[in-house]
Every structure is written in structure tokens, then in C-alpha cells.
Amino acid sequence: MASPDLKSTALMEQMKAHLSTDAGKAITKKIGLVYQINIAPKKLGFNEEIYVVDLKKGEVAKGPFEGKPDATFSFTDEDFFKVATGKMNPQIAFMRGAMKVKGSLSAAQKFTPDIFPKPSKM
């Protein structure tokens, strides 16, 4: 079973709250895509926690997306945290193999640290 102490879990909770704010609603309106994010504690593909960031409805949910997301990302917890907090560029993460992408590449290119709330105290 997946580890409950992933750094990304707290980030996803912040994202949930962020999407209900005016800034979050503006992001939802601008992006309008659904992302599935698979986060592994240490190694891609093992014990992953799955989240759906729905930027059509402005929701974050745990568990796989019902249907086909616009893009699916796979990260380790550490790498996802770095990308989401702006410490690692998503394109560089992809080139280094720190991030795997399935689905629409044009949708994937809209996945930037700008869609995440700025961390308050992490």
C-alpha cells in the first residue's frame, strides 16, 4: 500500500483549497484540462498514489480518472514536489526521465508550476 507520508499529499490538499479561490477559478478557466498524476514514494510504477487534477471542474480527487484524462504524469514523490514548487522545470524533468507523460503532449505542456498554489510553509 502507498505511503501516507508523501510530501505530495499535503500539496494536493493545498491544490484542492486553491482551486476554490478566485485565482484557482482563473486557472480552471484558462487550462480546462484533466490531468492524472501518479506519484510513487521512491520508484516509478511501484506503490503509486493516483490523483486527478480536474481543471475543467476545478477539483482534485484521489484515485484514477473515470474515462481518459488529457494527460497522465508519473513522478516520484520528490520529483513531483520539486516540479510543483517550481524547483524543477517540467521539461527538464521529462528529459531527465524524472517525469513520464502519456496522452496529449499539447495538454502536457500546459502543466506548469503556475497551476499549483505557492507553498505557504513547506
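For the structure, check the block above.
**Q** Quick one: what's the story with the pairing of strand 2 (residues 49–54), residue by residue and with numbers?
**A** Judged by how many residues are buried, strand 2 sits mostly within the fold: five of six residues are covered. In this sheet, strand 3 (residues 59–62) lies alongside strand 2 in antiparallel orientation, the contact comprising four bridges. Bridge assignment links Tyr51 to a residue of strand 3, and that residue is Lys62. Where strand 2 folds back on strand 3, the antiparallel hairpin that results is connected by four residues, among which Gly58 adopts a positive phi of roughly 75 degrees.

**Q** Residues and numbers for the sheet that holds strand 3, please.
**A** Pairing is mixed in the open sheet, where five strands are placed in the order 3-2-1-4-5. Taken across any chain shown, the strands that pair with only one partner, and hence form the sheet edges, are strand 3 and strand 5 (99–103). Neighbouring strand axes in the sheet, compared pairwise and without regard to direction, differ in orientation by 20 degrees on average. With five bridges joining them, strand 4 (residues 71–76) and strand 5 adopt antiparallel strand pairing. Considered in strand 5, the bridge of Phe73 is made with Val101. Along the sheet face, helix 3 (residues 77–84) touches strand 1 (34–40) and strand 4 and points at about 115 degrees away from the line of strand 4.

**Q** Before we move on, can you summarise unusual backbone geometry with the specific residues and values?
**A** With a phi close to 50 degrees, Asn47 is a non-glycine residue in the positive phi region. The residue Asn47 is located in the loop between strand 1 and strand 2 in this model. Classification of Asn47 by relative accessible area gives partly exposed; the value is 47%.

What counts, and where the lines are drawn
Residues numbered from 1 in each chain as written. Predicted model: local features only at pLDDT ≥ 70, side-chain atom pairs only at ≥ 80, totals over all residues. Heavy atoms only, no water. Buried < 20%, exposed > 50% of the residue type's maximum accessible area, 1.4 Å probe, protein only. Helix = DSSP H or I, 4+ residues; strand = E, 2+ residues; numbered from the N terminus. Pairing = 2+ DSSP bridges. Axes fitted to C-alpha atoms, helices over the stretch in contact; angles between N-to-C directions. Contact = heavy atoms within 4.5 Å.

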